[in-house]
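Fold and geometry: a report
The lines below spell out each chain.
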Amino acid sequence: MSILKRSVVVILILLFLDQAFKIWIKTNMMIGEEFSVLGDWFKIHFIENNGMAFGMELAGDWGKILLSLFRIVAVTGIGWYLYTLTKKNAPGGLIISISLIFAGALGNIIDSVFYGMVFSDSYYQVATVFPEGGGYASFLHGRVVDMLYFPLMEGNLPSWVPFWGGEHFIFFRPVFNLADSYITIGVFLILLFHKKYFVKEI
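Just so we're clear, the structure is a prediction, and the values are computed from it rather than from any experiment.

**Examining helix α3 (residues 92-118)**
Under the 1.5 Å per step criterion, the end-to-end length of α3 is 37 Å for 27 residues, consistent within 8% with the ideal 39 Å. Most pronounced at S112, the bend in α3 amounts to some 35°. Most of α3 sits out of view: 20 of its 27 residues are buried.

So this is what it looks like as structure tokens:
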């Protein structure tokens, strides 16, 4: 099997896992529901992200459309870069890293582009697939499903800490999904092994 075919297989497997998990969450939980996986350290906590990482977003309908279009352009560029790497016999580790990033970006794009039309709302109810009367949003206006929550440490910051002294904190507060973890792992591998990956022009 060629490196390109192996890359495609990896991407398809990662996408299947990401989407299967998100669909299970959407069709079994309401927004805000959670259950413990590993004590208080690892929980499945269902939220939806209307914008970029950590809840940031561009204002209004046009902001959402621009964000979705930007994601589509970005993942197209990543896909083309990945294709050129496979044709230039790039290091296998670099191809896997870019495959992870591509799969993660594509996984979240699917949510943004299609989920609004496919599912009913998840507020105060478990979502249904292809509900009568249409989904909760139009094309490009879907929300990204997040569920992985690792509140490893919780407490109050010491009073001597500038600006935030005495405030309550949770580490690690962000809730994310498998697609986000793919991107994070891919970027981490590139940073860790960049000297090996980019030792020569490829």
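**With respect to helix α4 (residues 178-192)**
Each full turn of the α-helix corresponds to 3.6 residues, which orients residues three or four apart in the same direction. The end-to-end C-alpha distance of α4, which contains 15 residues, comes to 21 Å, matching closely the 21 Å that a straight helix rising 1.5 Å per residue would cover. Those residues of α4 that fall on the buried side of the exposure criterion are A179, S181, Y182, G186 and I190. Buried residues along α4 cover an arc of 165° about the axis, so they all sit on one side. Exposed residues lying more than 90 degrees from the buried face of α4 are T184 and L191. In this structure, the buried side of α4 is in contact with α1 (3-26), α3, β6 (175-176) and α5 (194-197).

**Quick word on the packing of aromatic side chains**
In total, this model carries seven aromatic pairs according to the counting rule given. Ring geometry for F42 versus F150: centroids 4.4 Å apart, planes at 5°, classification stacked. Residue F42 is found in strand β2 (residues 42-49), and its partner F150 is found in the loop between β3 (144-149) and β4 (153-156); the two are separated by 108 residues along the sequence. What makes F42 buried here is its relative accessible area of 19%. F150 sits in the partly exposed class, given a relative accessible area of 25%. Taking the centre distance of 6.0 Å and the plane angle of 45° together, the rings of F193 and Y197 count as tilted. Given a relative accessible area of 34%, F193 falls into the partly exposed group. Take Y197: its relative accessible area is 6%, and that puts it in the buried class.

**Some points on the sheet that holds β3**
As a general point, the strands of a sheet are linked pairwise by backbone hydrogen bonds and lie either parallel or antiparallel. Taken in spatial order, the four strands make up an open sheet running β1-β2-β3-β6, and their pairing is antiparallel. Each edge of the sheet is formed by a strand with only one pairing partner; in this case those strands are β1 (34-38) and β6. By the bridge criterion, five bridges tie β2 to β3 in an arrangement that is antiparallel. Bridge pairing in β3 places I47 opposite D146.

**Regarding the nonpolar core**
Judged by nonpolar contacts, the single largest core of 22 residues is most densely connected at I11, L85, L94, I98 and I190. Breaking this core down by element, the ones donating at least two residues are α1, α2 (60-87), α3 and α4. Ranked by the residues each element gives to this core, the list is headed by α3, at 10 residues. Grouped together as the second largest cluster of nonpolar side chains are 14 residues, F42, Y115, V118 and V145 included.

**Examining the packing of α1 against α3**
Contact geometry of α1 with α3 gives a least axis separation of 9 Å together with a crossing angle of 40°. If you check the angle between α1 and α3, you find them oblique. The two elements α1 and α3 meet at a crossing, and its hand is right-handed. Here α1 contributes I3, S7, V10, I11, L14, L15, D18, Q19, K22 and I23 to the contact with α3, which in turn contributes I95, I96, S99, L100, F102, A103, L106, G107, N108, I110, D111 and Y115. Tallied by class, the residues present in the contact of α1 with α3 amount to 14 nonpolar, five polar and three charged.

**As for the packing of α3 against α4**
In the contact formed by α3 and α4, the axes pass within 7 Å of each other and the chain directions differ by 155°. Between α3 and α4, the crossing angle belongs to the class labelled roughly antiparallel. Seen along the crossing, α3 lies across α4 with a hand that is left-handed. Residues L94, S97, I98, L100, I101, A103, G104, A105, G107 and N108 of α3 lie in contact with α4, whose contacting residues are A179, D180, Y182, I183, I185, G186, V187, L189 and I190.

What counts and what doesn't
Residues numbered from 1 in each chain as written. Predicted model: local features only at pLDDT ≥ 70, side-chain atom pairs only at ≥ 80, totals over all residues. Heavy atoms only, no water. Helix = DSSP H or I, 4+ residues; strand = E, 2+ residues; numbered from the N terminus. Expected span 1.5 Å × (residues − 1). Bend = angle between axes of the 7 residues up to and from the residue. Buried < 20%, exposed > 50% of the residue type's maximum accessible area, 1.4 Å probe, protein only. Arc of directions from axis to C-beta. Contact = heavy atoms within 4.5 Å. Phe/Tyr/Trp six-rings, centres within 6.5 Å; stacked < 30°, edge-to-face > 60°. Pairing = 2+ DSSP bridges. Core = buried A, V, L, I, M, F, W, Y, C linked by side-chain atoms within 4.5 Å. Axes fitted to C-alpha atoms, helices over the stretch in contact; angles between N-to-C directions. Parallel < 35°, antiparallel > 145°, perpendicular 65-115°, else oblique. Left-handed = near helix turned anticlockwise from the far one by under 90°. Nonpolar A, V, L, I, M, F, W, Y, C, P; charged D, E, K, R; others polar.

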